[in-house]
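# Descriptive structure summary
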Amino acid sequence: MAVSEDLLSNPVFVLGSFFVLIIFHNYLHKQPQHGKKYHPTGASVFHLLTNYNKIHDYMTDLAIKYKTYRILSPLHGIVYTTDPENVEYILKTNFKNYGKGNYIRDMTSDLLGDGIFTVDGDQWREQRKVSSQEFSTKILRDFSSITFKNNTIKLGKILSQAADSNQIFDINDLFMKATMDSIFKVGFGIELDNLGGNEEGVRFSRAFDVANNLTYKRFVDVTWKIKKFFNIGLEAELKKNIKIIDEFVYKVIQLKIEQMQMSKDEVLVSLYLIFVDT
């Protein structure tokens, strides 16, 4: 269990865990004051840590048992819910009351920057406005349908060939590659070609997958800020993968700028020819 080994080898984490467990024990047995009612406590962040390698199954079991429950962390509690009424209340009815806040932003900004998934308020509204305009036109919907269909066909051929040759494959990896290919084609007009084995595209996708996983591990690693400061352990690995992501993304941005400039030049030439002909 890689994440546990990395954390348990850290004496600061081990020592801190004992103190936190004592605090949790006292907190769990403390009676609510002023008649306040709380959602049931499903687990603590340390339960998530010890069950990290099967985290999706573990969280699914908690959701089935409680629907809405708390996960206790050393500095705060986190509420999880699968109740449709609660989800609607959070995402629609009273959305402004449920921002990401500094906690989520600190955890994810190294990977996601100041994007729509990390910001609140006016910044979020501005980015949502831009995104909705980009992804709501009929032309884009039709284009995305064609793109996803083509990549699904590619994926089907790969699976068929693997079946014919009795080859073992990682279905999750293939789904990830197909999704990344489709998103990049729709969003940026770039042919990533992970499914085709493009070396640069595969390197970026692998770095993004690893960085996403390491970013999520911050939610169960109470020592991640210390590791980031000293650039050690999982944080050093995260920094390395984010560097690969940044290099690729800036290259894509530069390519799109050049393509847009070429398109403008072609329009100007066309207008010039029309003017000369008349």
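Just above sits the structure.
Anyway, here's the lowdown on the structure attached to this text. None of the values given here were measured: they were computed from a predicted structure.

Turning our attention to the packing of aromatic side chains. For any two aromatic rings, the description comes down to two numbers: the centre-to-centre distance and the angle of the planes. Evaluated as defined, the whole model comprises 12 aromatic pairs. Residues Tyr-89 and Tyr-98 carry aromatic rings whose centres are separated by 6.1 Å and whose planes lie at 75° to one another, so their mutual orientation is edge-to-face. Overall, the relative accessible area of 38% leaves Tyr-89 in the partly exposed class. Residue Tyr-98 is classed as partly exposed on the basis of its relative accessible area of 36%.

With that settled, consider the packing of helix 9 (residues 171-188) against helix 10 (residues 199-217). Running from N to C, helix 9 and helix 10 cross one another at 110°; their axes reach a closest spacing of 11 Å. The angle between helix 9 and helix 10 falls in the class roughly perpendicular. Counted together, Met-176, Met-180 and Phe-184 of helix 9 and Phe-204, Ser-205, Phe-208 and Asp-209 of helix 10 form the full contact between these two elements.

Next up on the list: the pattern of salt bridges. Throughout the structure, instances matching the rule amount to 12 salt bridges. Between Lys-228 and Asp-110 there is a salt bridge; the shortest N-O distance is 2.9 Å. Taken together, the residues span a long stretch of sequence, with Lys-228 in helix 11 (residues 224-230) and Asp-110 in helix 6 (residues 101-112) at a distance of 118 residues. When its relative accessible area of 40% is taken as the criterion, Lys-228 is described as partly exposed. Look at Asp-110 and you get partly exposed, because its relative accessible area is 30%. Across the pair Asp-221 and Lys-227 runs a salt bridge, and its minimum N-O distance is 3.0 Å. According to the relative accessible area criterion, Lys-227 is buried, its value standing at 3%. Residues joined in a network through salt bridges with shared partners are Asp-110, Arg-218, Lys-228 and Glu-235.

To continue, consider the side chain of Ser-182. Within the secondary structure, Ser-182 is located in helix 9. There is a polar contact of 3.0 Å between the side chain of Ser-182 and the backbone oxygen of Ala-178. With sequence-adjacent residues up to four places away left out, Ser-182 is seen in contact with Thr-147, Phe-148 and Asn-151.

Attention shifts here to the packing of helix 6 against helix 10. Packing of helix 6 against helix 10 leaves a shortest axis separation of 10 Å and a crossing angle of 170°. As the angle between them shows, helix 6 and helix 10 are arranged roughly antiparallel. Counting all contacts with helix 6, which are made through Met-107, Thr-108 and Leu-111, the residues of helix 10 involved are Phe-208, Ala-211, Asn-212 and Thr-215. Grouping the amino acids of the contact of helix 6 with helix 10 by side-chain chemistry returns four nonpolar, three polar and no charged.

Conventions and cut-offs
- Residues numbered from 1 in each chain as written.
- Predicted model: local features only at pLDDT ≥ 70, side-chain atom pairs only at ≥ 80, totals over all residues.
- Heavy atoms only, no water.
- Phe/Tyr/Trp six-rings, centres within 6.5 Å; stacked < 30°, edge-to-face > 60°.
- Buried < 20%, exposed > 50% of the residue type's maximum accessible area, 1.4 Å probe, protein only.
- Axes fitted to C-alpha atoms, helices over the stretch in contact; angles between N-to-C directions.
- Helix = DSSP H or I, 4+ residues; strand = E, 2+ residues; numbered from the N terminus.
- Parallel < 35°, antiparallel > 145°, perpendicular 65-115°, else oblique.
- Contact = heavy atoms within 4.5 Å.
- Salt bridge = Lys/Arg side-chain N within 4 Å of Asp/Glu carboxyl O.
- Polar contact = N/O pair within 3.5 Å; in protein donor to acceptor, adjacent residues only side chain to side chain.
- Nonpolar A, V, L, I, M, F, W, Y, C, P; charged D, E, K, R; others polar.

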